[in-house]
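The lines below spell out each chain.
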Amino acid sequence: ENNQITDRGSADQTNVDLKAKIITLRQNARIALKQSNTQISGNALAWNIDQKTLVASEPITIVNPAQQVTITANQGEMQIDQQVANLSGNVRGVG
C-alpha cells in the first residue's frame, strides 16, 4: 500500500501467482497484519493481495494480542480490510 510494507507472510512452501496476485502459503504458514496487529497461522493459507482476502482450507489460528483474543477453526475466510472472518468447523475462541 503506497509502496510500503503493510503485512508480512512466511511459510515452508510458497507459491506465487504474479498475474492473479495470489500467494499460497503451505506448511507452517504465518501472516502478520500490521494494521490490526493480528497474526494468522495454519498449514494452507491463500492470500489474495488485490482483494485483500485470505482463505484457509485447513485449520487456522487467529491471534490478536492487543485484544487478548485467540480463535481457532477447521477452515475459514477473512476479509482483511474489514477485519471480518467467516470460520467453520470446530470454531473456538478465547479472550
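### Things to note about the confidence of the model for the protein
- Across the protein, the average pLDDT comes to 91, with 95% of residues at 70 or higher.
- Predicted confidence in the protein is weakest over strand β1 (residues 7-10), with a mean pLDDT of 89, and strongest over strand β7 (residues 69-73), with 96.

### Examining the layout of surface pockets
- There is about 200 Å³ of room inside the second largest pocket.
- Every residue lining the second largest pocket is listed: Ser36, Thr38, Ile62, Val63, Asn64, Gln67, Val69, Ile71, Met78, Gln83 and Ala85.
- Of all elements in the fold, only β6 (60-64) and β7 reach the threshold of two or more residues within the lining of the second largest pocket.
- Counted by class, the lining of the second largest pocket contains six nonpolar, five polar and no charged residues.

### Brief notes about the nonpolar core
- Ile31, Ile40, Leu45, Leu54 and Ile60 are the most contacted members of the largest nonpolar core, which totals 14 residues.
- When residues of this core are traced back to their parent elements, those giving at least two are β3 (22-33), β4 (38-48), β5 (53-56) and β6.
- In this structure, leucine 54 is in contact with Ile31, Ile40, Leu45, Ala46, Trp47, Gly76, Glu77, Met78 and Ile80, ignoring residues within four places of it in sequence.

### As for the environment of valine 63
- Of note, valine 63 is situated in strand β6.
- Sequence separation between valine 63 and glycine 93 is 30 residues; the distance between their C-alpha atoms is 9.8 Å.
- Leave out the neighbours within four places in its chain, and valine 63 touches Asn37, Thr38, Gln39, Val69 and Thr70.

Definitions and cut-offs
Residues numbered from 1 in each chain as written. Predicted model: local features only at pLDDT ≥ 70, side-chain atom pairs only at ≥ 80, totals over all residues. Heavy atoms only, no water. pLDDT = per-residue confidence, 0-100. Helix = DSSP H or I, 4+ residues; strand = E, 2+ residues; numbered from the N terminus. 1 Å grid on protein atoms, 1.4 Å probe; cavity = no way out; pocket = protein on both sides within 12 Å on 5 of 7 lines; lining within 4 Å. Points joined across faces, edges and corners; volume = space filled by probe spheres on them. Nonpolar A, V, L, I, M, F, W, Y, C, P; charged D, E, K, R; others polar. Core = buried A, V, L, I, M, F, W, Y, C linked by side-chain atoms within 4.5 Å. Buried < 20%, exposed > 50% of the residue type's maximum accessible area, 1.4 Å probe, protein only. Contact = heavy atoms within 4.5 Å.

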